[in-house]
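Working through the structure, step by step
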Amino acid sequence: AVVSTQSTGKQVSKENNFKKKRSEHVKALRKLASARENVEGKLSKRDVVNDYSSFASQVYAPQTRVGVFLDRGSELYNVKNRYLNTYEGLLELEASLPDYVTQPRIKIPNLRSGKGGAQKRFEKRLKELDDTAELIKNDKEKQFQVPAPPRFLQKVIRPPPRPPTPSVEMPSEDEEKRELAIIFLQQLLRGRAVQNMMQEGKEKRMELIDELRSTEALQSEEEKANKELKKRARAVQRKQRMMQHKEDLANEMLEGMGGRNVGQMADFLSKELVRLQEEQRIHAFALLAERKRRMREAEESGKRQVEERRRLEEDEIWRQMCNCHQGSMETYLEDIIASSVNRTADEQARQEIQTKAETINEIAYQMESKRDRLQSENMVAELVFSFLLPEVEKETLRENVKREQRRHILAAHSVIHGQTAEVEKEGESSDK
């Protein structure tokens, strides 16, 4: 119960804080909206309805900085009396007063039977404590309470019948008229009692009233003289105000003409200043644009030169590569032709050798059948001679061809490697 009470209290305080912050937020938004309506501080026409509906306007609460002085002319309402301005007059006034003025009779007022705010808060807090104690007591009793028997084993007692609803008889018209007459008579009596109280108060203060009337009679002649002096002073002040008003009008016209001329001159000078500033700004923009254009042209020309140099280098590399490829292609074709020639020659030689071998075999078979030993030895010597000498000539011819080809290949390799080295050096220098 205590925890629930504390939680409810915290919840209520939280809701109050939320409402307060919400109201402050709405107020701030309204201020921002009102300030946003007139951001540039433009003058607007006076709204009389809003001025008189808002108690914070100049109508109800004028400000001194605007030129309104609430205490202006207050000296006209000062009371100048001998009884109030001099010490002797105060002594005479005090001696003429009755006893009940200097020695007041204080009556203790009847205290109200109602309760104050502190008493109400104390009783409310006491009631909350009593409720909390009662809840704690009930919780403790429930712990030791014996559970009730099942509901179906108890006897259901029917409640007694309800009594008939009472009715009120309607009063008669005579009784209503009588009550109204009694109420009216009470009002009359109360009004008469108030009049009697006012009459008694008047009789008690009659001496003071007579005193005030006598002082008013004594002051009538002085007031007449003062009125005459005031009329004359007011007439003089009126004339002075008229003269001052005329002078103010003339000065205002002269100041208006001078201010108009000065304003036109200042407007012309301000416009000329703005025009010069704009012209200087445009000139500065033009110079910046020209500088950027020149920088971009220089960059573009540099890029163009680099691109042209690279294109020339790439063309040269392409030309050298084409020459290299063409030379290698020619060498390759020469090798293919040489290999094909060699292969064809080899095949033809093989065919010729086979034909010659067949013919030689036929001749040899024929001679074999006819020859003797001496002829056989001569024939073997001729064959060996014919076999060894052509083979030696072929080997020497092959060596000579290989030597010639090696010399041409070395020259081509030296030329290709020299050109590629020069191209690489030129590429590195152009990149740097």
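A brief report on the enclosed structure follows. Since the model is a prediction, treat every value here as computed from it, not as a measurement. (Residues numbered from 1 in each chain as written. Predicted model: local features only at pLDDT ≥ 70, side-chain atom pairs only at ≥ 80, totals over all residues. Heavy atoms only, no water.)

Structural notes on the overall build of the protein chain
If you tally the helices and strands in the protein chain, you get nine helices and zero strands. Element order for the protein chain, N to C, with α for helix and β for strand: α-α-α-α-α-α-α-α-α. Looking at the 432 residues of the protein chain, the share that counts as buried comes to 3%. Considering only residue pairs separated by 6 or more positions, the protein chain has 43% of its internal contacts joining residues 24 or more positions apart. Here the protein chain displays about 41800 Å² of accessible surface, and carbon together with sulfur accounts for 58% of that area. (Helix = DSSP H or I, 4+ residues; strand = E, 2+ residues; numbered from the N terminus. Buried < 20%, exposed > 50% of the residue type's maximum accessible area, 1.4 Å probe, protein only. Contact = heavy atoms within 4.5 Å. Areas by Shrake-Rupley, 256 points an atom, 1.4 Å probe, with all protein chains shown as cover.)

Things to note about a negative patch on the surface
Residues Glu173, Asp174, Glu175, Glu176 and Glu179 make up a contiguous surface patch of negative charge. Residue placement: Glu175 occurs in helix H7 (residues 173–204). (Patch = residues over 30% accessible without salt bridge, like charges linked within 9 Å, V, L, I, M, F, W, Y side chains within 5 Å. Salt bridge = Lys/Arg side-chain N within 4 Å of Asp/Glu carboxyl O. Lys, Arg positive; Asp, Glu negative; His and termini not counted. Charge placed at Lys NZ, Arg CZ, Asp CG, Glu CD.)

A short note on the side chain of Ser57
By the secondary structure assignment, Ser57 is in the loop between helix H2 (48–53) and helix H3 (82–85). Overall, the relative accessible area of 11% leaves Ser57 in the buried class. A distance of 2.4 Å separates a polar atom in the side chain of Ser57 from the backbone oxygen of Asp51. Beyond its immediate stretch of four places on either side in the chain, Ser57 contacts Asp51 and Pro62. (Polar contact = N/O pair within 3.5 Å; in protein donor to acceptor, adjacent residues only side chain to side chain.)

Here we look at the pattern of salt bridges
Under the definition given, this model contains eleven salt bridges. Three or more residues joined by partner-sharing salt bridges are found here, namely Glu290, Arg293, Arg294 and Glu297.

A short note on a positive patch on the surface
Positive charge collects at one region of the surface, where Lys80, Lys224, Lys227, Lys230, Lys231, Arg234, Arg238 and Arg241 lie side by side. Within the secondary structure, Lys230 sits in helix H8 (residues 206–370). Residue class for Lys230 comes out partly exposed when judged on its relative accessible area of 41%.

Quick look at the packing of aromatic side chains
Enumeration according to the criterion identifies two aromatic pairs in this entry. Aromatic side chains Tyr52 and Tyr60 sit 6.4 Å apart centroid to centroid with 75 degrees between the ring planes, which places their arrangement in the edge-to-face category. With relative accessibility at 41%, the residue Tyr60 sits in the partly exposed group. Here the aromatic rings of Phe55 and Tyr60 are separated by 4.9 Å at their centres, their planes lie at 45 degrees, and the arrangement is tilted. Through a chain of ring-to-ring contacts, the aromatic side chains of Tyr52, Phe55 and Tyr60 assemble into a single cluster. (Phe/Tyr/Trp six-rings, centres within 6.5 Å; stacked < 30°, edge-to-face > 60°.)

Concerning the state of the cysteines
Cysteine pairs can be covalently joined through their sulfur atoms, and such a bond is termed a disulfide. With the rule as written, the count across this model stands at zero disulfides. Here Cys322 is not cross-linked by a disulfide; its sulfur's nearest cysteine counterpart is in Cys324, at 9.9 Å. We classify Cys324 as partly exposed; its relative accessible area is 25%. (Disulfide = S-S within 2.5 Å.)

Structural notes on a nonpolar patch on the surface
A surface patch of nonpolar side chains, amounting to about 570 Å² of accessible area, comprises Met329, Tyr332, Leu333, Ile336, Ile337 and Val341. Residue classification places Leu333 among the partly exposed residues on the basis of a relative accessible area of 41%.

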